[in-house]
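One letter stands for each residue in the lines below.
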Amino acid sequence: MGGWWWRLLFAAVSVLLSPELCHSQKEPNYTFMHNATSAANISYYDYIVIGGGTAGCPLAATLSQNFRVLLLERGGSPYGNPNITNLSAFGNSLSDTSPTSPSQRFISQDGVINYRARVLGGGSCLNAGFYSRASLRYVKEAGWEGRAVNESYQWVEKKVAFEPKVQQWQSAVRDGLLEIGVVPNNGFTYDHVHGTKVGGTIFDQHGNRHIAADLLEYANPNGITVLLHATVHRILFTTKGLSRPRAHGVVFKDASGVRHKAYLKQGTKNEIIVSAGALGSPQLLMLSGVGPAHHLKAHNISVTLDQPFVGQGMSDNPMNAIFVPSPVPVEVSLIEVVGITNFGSYIEAASGENFSGGSKKDYGMFSPKIGQLSTVPPKQRTPEALAKAIESMETLDQAAFRGGFILEKIMGPISTGHLELQNSDPNYNPLVTFNYFQDPRDLKRCVKGLSTVEKIIESKAFSPFKYENMPMSLLLNMTASSPVNLLPKHANTTLSLEQFCKDTVMTIWHYHGGCQVGRVVDNDYKVLGVDALRVIDGSTFNYSPGTNPQATVMMLGRYMGVKILRGRLDTADDNINETER
């Protein structure tokens with residue numbers, strides 16, 4: 001393979017970079033948002049929400065309409081940070097490994113490099129922006145009330161969701177999907193329906209990101225306090241005069257390491273709600289003594305409740321992509337089109353050029369700085385290997401930045417793993433194993449998905465964006481042998497789609513589980529075996545909703561906030577800000 005071809009491969013690295021510099025989003029006037037260093041040593045609230053992420057922000061905003069709410073976020077503010085707010089800077093936050101980065105890198109025990117958010121707004125501050133609802137079947141199986149779900153989605157969408165402007169390359173992918181039979185053509189819709197559609201985006205027409213933290217604009221400023229750089233170390237329980245443990249407070253530290261306590265006010269319906277994400281929520285339960293007793297004792301943690309299912313059922317949707325160099329320039333596009341197949345694979349695409357005028361970018365999802373593709377064992381993932389990959393990227397000329405990639409993501413997935421504490425420090429990542437493709441049905445879906453991608457690439461509709469003399473075997477080889485991918489290679493990678501799936505697996509940041517409904521929490525998200533404690537976020541999911549979970553996680557925060565309020569208020573007070581729903 002000639003050097004020119006492998007250079008073209010790196011067009012994908014700027015897939016998610018914008019062709020224009022965008023203005024930073026104006027910071028909202030959140031008078032209720034403060035640095036935790038200003039917090040009182042002891043304070044009292046009706047609700048304490050741990051985690052100001054994709055679920056925590058809409059949840060806290062809703063509860064604040066009628067009660068005093070404390071929202072604790074371990075990260076800082078996303079506003080005024082162009083790496084978050086500007087589409088043109090996508091990838092910069094992920095490649096930032098500093099202690100103050102809005103993303104915290106973690107490496108699963110499988111070896112895949114991944115990220116968890118550490119910023120107000122959570123994963124909505126870091127992701128590629130695709131917005132799509134859960135299916136009607138998912139809603140039914142979750143036991144959610146359909147009308148309230150729709151109202152909650154609409155409440156979210158007024159602030160953060162937009163219709164993308166679909167251009168030539170994305171149109172070719174869409175038409176290719178339809179040509180090969182991923183039908184019907186559902187046009188633009190937020191709904192999850194089989195066939196081909198254009199989904200929503202949280203980036204507006206100016207390339208500004210709109211995030212879950214924007215939903216705090218709905219909050220009652222007199223009913224909410226948001227503390228930034230507030231790391232919760234444990235939830236406090238009381239058993240005095242009770243038949244089982246009851247959550248009644250939290251211990252958190254500010255950026256200076258000063259310890260604070262926040263307690264629930266007197267009242268049988270006041271609660272602590274954990275919305276710290278699929279890693280943070282099970283981790284915090286364990287640090288608070290709720291988890292597998294033998295594991296907690298091994299870390300010298302006093303056992304509040306022996307709950308063996310905390311940290312179980314961890315899953316991450318595996319993603320595999322094929323890069324396609326283009327003979328003609330392509331627009332820069334985020335994921336806009338999706339093919340929802342009937343066999344359990346979702347087909348998506350993105351494209352881009354380097355419009356930086358010669359300056360080096362962070363290469364989007366394929367960056368060696370981000371390391372998303374790397375499942376090489378940790379001992380082989382050396383700084384020298386990473387530096388060599390980055391050096392290869394930085395020698396590329398402008399001709400390399402043309403093209404895009406088409407990817408497939410496994411629905412579900414069926415394969416599951418587990419999460420354990422690394423130590424008793426909440427600032428450290430827990431140890432998590434996802435067991436990619438452990439279930440053969442997931443591997444079968446991947447193969448079918450990649451076969452579908454191949455058909456799109458060979459379709460008439462996509463032909464303007466593919467070199468005639470470039471066979472599929474070469475495209476597979478280019479993707480599999482790319483120097484940005486530090487994976488160990490197998491001789492049959494490009495001869496076997498099964499091996500290609502395993503060798504080129506990457507994350508699409510849709511991991512979930514650890515506090516699942518029916519195992520750790522009940523259908524109202526109350527933690528089983530204790531009182532006054534809920535978990536409301538993606539850690540409760542048994543499988544990932546829709547083609548992208550963020551819309552549903554934001555919806556869930558609003559949905560459960562309304563449900564909790566309705567459960568407390570009498571009929572006369574039930575119409576909570578109806579104009580905002």
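For the structure itself, consult the block above.
Below or above, wherever it landed, is the structure these notes cover. Please read all numbers here as calculations on a predicted model, not as lab measurements. (Residues numbered from 1 in each chain as written. Predicted model: local features only at pLDDT ≥ 70, side-chain atom pairs only at ≥ 80, totals over all residues. Heavy atoms only, no water.)

What follows is about the sheet that holds strand 26 (residues 533-535). Read from one edge to the other, the open sheet built from six strands follows the order 1-11-4-3-15-26, with strand pairing classed as parallel. Because the sheet does not close on itself, it has two edges, and the strands there are strand 1 (33-35) and strand 26. Pairs of neighbouring strands in the sheet enclose a mean axial angle of 20°, with direction left out of account. Pairing geometry for strand 3 (residues 47-50) and strand 15 (residues 271-274), over four bridges, is parallel. Of the residues in strand 15, the one forming a bridge with Val 49 is Ile 273. Lying over the sheet, helix 8 (residues 277-287) contacts strand 3, strand 15 and strand 26, oriented at roughly 150° with respect to strand 26. (Pairing = 2+ DSSP bridges. Helix = DSSP H or I, 4+ residues; strand = E, 2+ residues; numbered from the N terminus. Axes fitted to C-alpha atoms, helices over the stretch in contact; angles between N-to-C directions. Contact = heavy atoms within 4.5 Å.)

The next thing to look at is helix 11 (residues 440-457). A rise of 1.5 Å per residue sets the reference length of helix 11, with its 18 residues, at 26 Å; its end C-alpha atoms lie 26 Å apart and thus fit the reference within 8%. A side-chain oxygen of the first residue of helix 11 lies 2.9 Å from the backbone nitrogen of Arg 441; this N-cap is Asp 439. (Expected span 1.5 Å × (residues − 1). Polar contact = N/O pair within 3.5 Å; in protein donor to acceptor, adjacent residues only side chain to side chain.)

Sheet analysis places strand 2 (residues 42-45) next to strand 14 (residues 259-264), joined by four bridges and oriented parallel. The partner of Ser 43 across the bridge, within strand 14, is Ala 262. In the sheet, strand 13 (residues 246-253) pairs with strand 14 via five bridges, with the strands oriented antiparallel. Bridge pairing in strand 14 links Lys 253 to Arg 259. From the end of strand 13 to the start of strand 14, which pair antiparallel, there are five residues, and Gly 257 there has a positive phi angle of about 85°.

Grouped together as the largest cluster of nonpolar side chains are 152 residues, with contacts concentrated most on Ile 48, Leu 216, Ile 235, Val 250, Phe 252, Ile 406 and Leu 533. In terms of residue count, helix 14 (residues 550-568) provides more of this core than any other element does, nine residues in total. Membership of the second largest hydrophobic core comes to seven residues, among which are Ile 113, Tyr 115, Ala 128 and Trp 509. (Core = buried A, V, L, I, M, F, W, Y, C linked by side-chain atoms within 4.5 Å. Buried < 20%, exposed > 50% of the residue type's maximum accessible area, 1.4 Å probe, protein only.)

Geometry only, nothing functional implied.
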